[in-house]
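Descriptive analysis of the structure
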Amino acid sequence: MRFVMVLNYIWIAFFLIAFVIALVKLIFFGDFDVFPAMMDSTFATSKTAFEISLGLTGVLALWLGIMKIGEQGGVVNVLARLLSPVFTRLFPDIPKGHPVTGSIFMNIAANMLGLDNAATPLGLKAMEQMQELNTKKDTASNAMIMFLVLNTSGLTIIPVSILVYRAQMGAAQPTDVFIPILLATFFSTLAGIIVTSLYQRINLLNRTLLLTLGGACLFIAAVIWGFSQLEGEMMNRVSTTVANILLMTIIVGFIVAGMRKKVNVYDAFIEGAKDGFTTAVRIIPYLVAILVGIGVFRASGAMDMLISGIQWGVEQTGMNSDFVGALPTALMKPLSGSGARGMMVDAMTTFGADSFVGRLSCIFQGSTDTTFYILAVYFGSVGIRYTRHAVACGLLADLAGIISAIAICYMFFG
């Protein structure tokens, strides 16, 4: 569980570094405004965090209600069956027909649909079942590592929370990052599968995996090629239109699936929507903590110094440095989802939701998941002490997600 403490140290560092820099400015440069600016920032950012959380309530209630209809309508089960031929080859150490297979499929499918409340319990159950098969109880098995990399790489079909934040922050088209996120998270997941398979000597050249991964790559390549043929404005318009059509199709599809299963879709929606208010309230302290820390760090001038230093280094290589402002989100994401969320909101607040940095921070947020947090929670739940190559594979998947997010954002919005 030591990974979880990293965010604690980062949060403390925000305040200590900000305080030291403010003292230097006051003593050596006579800057009497820096401390008032830092205190004003604490009040302003805590208010912003509360307003954002409060504003999320309605949209979260809507989407969690829709997701509950899809869950009860059997959409997750359908996805599990579709993914079955692929995952049985990615987990060769698990006996065919073992109950853990169902838990793995359900967890991955729930993650793809953004059903976090359903995904975590299913993931913990899968870890317990894999621990029963594990011959070394304190050491991560190959199946556990592959499972966690699939989680940390963050493959998500519906990045609901990011779209909600963009709407809350005043984006003209909150869904314009939908396709870029889908592309970036695909490359992250693909990299995670390849790296882990190389570590575990899993044959990716068998027919099923080759057809599945190859077909997915061809489809993504076709999407990228198709969008590359369009002008910038038309690309954004087509991307937004396709995203909205897909989202509306998913909503209608979930409702139809619920009707086919003879689910009371209205009651299912109400049941899920109730969690929206709970979720919005639950994130308030986390959002306040991280936004206040970032706000103080930024008000002291420390954030500008950090970004300027990185930007200078990038410019020395002759590269375009527009992406540097969004890097804090990418660097925080492996450590903490709430921390990265705060960085994303801060980027949209500072640069604008429709700015290049604002959009890239959203793509960073959606391209991968919280690697260290997932490793800490899942491994900690079954007493795993030796993680073997799990951290390396997870971070390499994160790196692939960051690089692809930058390239894709330049393609769509550069």
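Okay, so let's go over this structure. Just so it is clear, the structure is predicted and the values come from calculations on it, not from any experiment. (Residues numbered from 1 in each chain as written. Predicted model: local features only at pLDDT ≥ 70, side-chain atom pairs only at ≥ 80, totals over all residues. Heavy atoms only, no water.)

1. Side note on the pattern of salt bridges
Applied cut-off: Between Lys or Arg on one side and Asp or Glu on the other, a salt bridge is scored when a side-chain nitrogen of the former is within 4 Å of a carboxyl oxygen of the latter. Per the convention used, a helix needs a DSSP run of H or I reaching at least four residues, while a strand needs a run of E reaching at least two, with both numbered from the N terminus. Residue exposure (1.4 Å probe, protein chains only): buried if accessible area is under 20% of the type maximum, exposed if over 50%, otherwise partly exposed.
Under the criterion given, the structure shown has four salt bridges. One salt bridge in this structure joins Asp354 and Arg166, with 3.2 Å as the shortest N-O distance. With Asp354 in the loop between helix H15 (337–351) and helix H16 (356–367) and Arg166 in helix H7 (residues 160–168), this residue pair connects regions lying 188 residues apart in the sequence. By relative accessible area, Arg166 is classed as buried at 0%. One salt bridge connects Asp176 with Arg359, and the closest N-O pair in it is separated by 2.9 Å. Here Asp176 is found in the loop between H7 and helix H8 (178–200), whereas its partner Arg359 is found in helix H16, with 183 residues between them in sequence. One continuous salt-bridge network, built from bridges that share partners, spans Arg166, Asp176, Asp354 and Arg359.

2. With respect to the side chain of Asn151
We apply this condition: Any two residues whose heavy atoms approach within 4.5 Å are treated as being in contact.
Summarising the element assignment, Asn151 is placed in helix H6 (residues 142–152). Contact partners of Asn151, with chain neighbours within four places excluded, come to Asn107, Ile108, Asn111, Asp369, Ile374 and Tyr378.

3. Thoughts on empty space enclosed by the protein
For clarity, the threshold we go by: Two kinds of site are reported from a 1 Å grid over the protein atoms alone, namely cavities, where a 1.4 Å probe fits but cannot get out, and pockets, open sets with protein on both sides within 12 Å along at least five of seven lines, and residues are called lining when an atom falls within 4 Å of a point. Grid points are joined across faces, edges and corners, and a volume is the space filled by probe spheres set on the points.
Applying the stated criterion across every chain, the model contains one cavity of 30 Å³ or more. By volume, the largest cavity amounts to about 70 Å³. Contributing to the lining of the largest cavity are Arg298, Met303, Ile307, Gly325, Ala326, Pro328, Thr329, Met343, Asp346, Ala347 and Phe351. Elements supplying a minimum of two residues to the lining of the largest cavity: helix H13 (302–316), helix H14 (327–332) and H15. The element that contributes the greatest number of residues to the lining of the largest cavity is H15, accounting for four residues.

4. Concerning H13
What counts is decided by this rule: Helix span, as expected, comes to 1.5 Å for every residue beyond the first. What the arc describes is the spread of directions from the helix axis to the C-beta atoms.
Between its terminal C-alpha atoms H13 stretches 21 Å, which fits the 21 Å expected from 15 residues at 1.5 Å a residue. Residues of H13 that are buried include every one of Ala302, Met303, Ile307 and Val314, and no others. For H13, the buried positions fall inside an angular range of 130° around the axis, keeping them on one side. Turned more than 90 degrees away from the buried face of H13, the exposed residues are Met305, Trp312 and Gln316. One or two steps after H13, the chain reaches Gly318, where phi turns positive at roughly 85°.

5. Quick look at a nonpolar patch on the surface
Threshold: Only residues above 30% relative accessible area that lack a salt bridge enter a patch, with like-charged residues linked at up to 9 Å and the nonpolar side chains Val, Leu, Ile, Met, Phe, Trp and Tyr linked at up to 5 Å. Per-residue and other accessible areas were derived by the Shrake-Rupley procedure at a 1.4 Å probe size, with only the shown protein chains allowed to occlude residues.
A cluster of nonpolar residues, Phe19, Val20, Leu23, Val24, Ile27, Phe28 and Phe29, forms a patch on the protein surface that exposes about 740 Å² of accessible area. If you trace the backbone, Phe29 turns up in helix H1 (residues 5–29).

6. Describing the nonpolar core
Keep this limit in mind: Among the buried residues, those of types Ala, Val, Leu, Ile, Met, Phe, Trp, Tyr and Cys that are joined through side-chain atoms within 4.5 Å form a nonpolar core.
Phe91, Met130 and Phe147 are the most contacted members of the largest nonpolar core, which totals 109 residues. With residues up to four places along the chain from it excluded, the contact list for Phe91 reads Ile104, Ala143, Met146, Phe147 and Leu150. In this structure, Ala22, Val34, Met38 and Val292 belong to the second largest nonpolar core, which totals six residues.

7. Details of the packing of H6 against helix H18 (residues 390–413)
Formally: Axis definition: a line fitted to C-alpha atoms, over the contacting stretch in the case of helices. Angles run 0 to 180 degrees between N-to-C directions. When describing relative orientation, an angle under 35 degrees is termed roughly parallel and one over 145 degrees roughly antiparallel, while 65 to 115 degrees is termed roughly perpendicular and anything else oblique. The hand of a helix crossing depends on one turn: near helix anticlockwise from the far one by less than a right angle means left-handed, and clockwise means right-handed. Gly is placed with the polar residues, together with every amino acid not listed as nonpolar (Ala, Val, Leu, Ile, Met, Phe, Trp, Tyr, Cys and Pro) or charged (Asp, Glu, Lys and Arg).
Two elements in contact, H6 and H18, have axes separated by 9 Å at closest approach and are oriented at 25°. Of the possible angle classes, the one that applies to H6 and H18 is roughly parallel. Of the two possible hands of crossing, H6 and H18 adopt the one that is right-handed. Facing Ile145, Val149 and Thr152 of H6, the residues of H18 in contact are Ala390, Cys393, Gly394 and Asp398. Partitioning the contact of H6 with H18 into residue classes produces four nonpolar, two polar and one charged.

8. Comments concerning the packing of H6 against H8
Viewed as axis vectors pointing N to C, H6 and H8 meet at an angle of 165°, and their least axial separation amounts to 9 Å. Considered as vectors, H6 and H8 are oriented roughly antiparallel to each other. The chirality of how H6 crosses H8 is right-handed. Counting all contacts with H6, which are made through Asn142, Ile145, Met146, Val149 and Leu150, the residues of H8 involved are Thr189, Gly192, Ile193, Thr196, Ser197 and Gln200. Its residues placed into classes, the contact of H6 with H8 shows five nonpolar, six polar and no charged.

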